[in-house]
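Observations on chain architecture
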Amino acid sequence: MRETSFSPEEVNPWLEEIGTDPIRQKLRMINILTRPQVGLFDMISNVESVRNLIGAISNDPEVIEQAEINVKYEGYLEREFDLAQKMNRLEDVRIFDDLNYDEVKSLSAEGRQKMAKIRPKTLGQASRISGVSPADISILMVHLGR
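Presented here is a report on the structure given in the accompanying data block. (Residues numbered from 1 in each chain as written. Predicted model: local features only at pLDDT ≥ 70, side-chain atom pairs only at ≥ 80, totals over all residues. Heavy atoms only, no water.)

This next bit is on the overall build of the chain. Looking only at helices and strands, one finds 9 helices and 2 strands in the chain. Traced from its N-terminal end to its C-terminal end, the chain shows the element sequence β-α-β-α-α-α-α-α-α-α-α. A compact globule built from 146 residues would reach a C-alpha radius of gyration of about 15 Å, whereas the chain, at 25 Å, exceeds it by more than 25%. The principal-axis extent of the C-alpha atoms belonging to the chain is close to 70 × 30 × 25 Å. Summed over all atoms, the accessible surface of the chain reaches about 9,400 Å², with 50% contributed by carbon and sulfur. (Helix = DSSP H or I, 4+ residues; strand = E, 2+ residues; numbered from the N terminus. Rg over C-alpha atoms; globule rule 2.2 N^0.38 Å. Areas by Shrake-Rupley, 256 points an atom, 1.4 Å probe, with all protein chains shown as cover.)

In structure tokens:
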């Protein structure tokens, strides 16, 4: 699906009809589908080559809907996956039991107070404390690395 390209003649009448900018040169299907006004079901209904391509793959509406979601939200999903991986890595970073949070000068006052009171065991735990900012976690990570 990603490598299928369309010429302006193929898609511009439809793109103009739905109120999105026409294309000036051949463009990949994925680049057209990422436009907010464009839906895969609409593409199937209005562009014969898309209808033929998708029909050869699947006619199941759920499969088609999932394909559209994957294309439209791919960047967001990758960022969220990366963030989840980072959070998992923070669970493995231990905080010294005897850490004096007052020595970590760049921490926010609220972050310092809350972590001193709660005494989290890992950076992951610290990151879930209300009032502890991502900046506090970064500062603490640098401090622990010293």
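Bringing the pattern of salt bridges into the picture now. Inspection of every chain in the model, using the stated rule, returns 3 salt bridges. We note a salt bridge from Arg-128 to Glu-91, for which the minimum N-O separation is 2.3 Å. Taken as a pair, Arg-128 in the loop between α8 (123-127) and α9 (134-145) and Glu-91 in helix α6 (residues 74-91) lie far apart in primary sequence, 37 residues in all. For Glu-91, a relative accessible area of 29% puts it in the partly exposed group. Across the salt bridge formed by Lys-121 and Asp-97, the nearest N and O atoms sit 3.6 Å from each other. Of this pair, Lys-121 sits in the loop between α7 (109-118) and α8 while Asp-97 is found in the loop between α6 and α7, placing the two residues 24 residues apart along the sequence. Take Asp-97: its relative accessible area is 56%, and that puts it in the exposed class. (Salt bridge = Lys/Arg side-chain N within 4 Å of Asp/Glu carboxyl O. Buried < 20%, exposed > 50% of the residue type's maximum accessible area, 1.4 Å probe, protein only.)

Looking now at the side chain of Thr-122. Positionally, Thr-122 belongs in the loop between α7 and α8. Within the structure, the side chain of Thr-122 is placed 3.1 Å from the backbone nitrogen of Gln-125, a separation counted as a polar contact. Those residues in contact with Thr-122 that lie beyond four places of it in its chain are Leu-90, Glu-91, Val-93, Arg-94 and Ile-95. (Polar contact = N/O pair within 3.5 Å; in protein donor to acceptor, adjacent residues only side chain to side chain. Contact = heavy atoms within 4.5 Å.)

If you look at the biggest cluster of nonpolar residues, it comprises 18 residues, and the most contacted ones within it are Phe-6, Ile-32, Leu-40, Met-43 and Val-50. Elements supplying a minimum of two residues to this core: α1 (8-17), α2 (29-33), α3 (40-46), α4 (48-57) and α5 (61-72). Ile-32 has contacts with Phe-6, Val-11, Leu-15, Ile-23, Leu-27, Val-38 and Met-43, leaving out every residue within four places of it along the chain. Counting residues in hydrophobic clusters, the runner-up holds 14 residues, among them Leu-90, Ile-95, Leu-107 and Ile-137. (Core = buried A, V, L, I, M, F, W, Y, C linked by side-chain atoms within 4.5 Å.)

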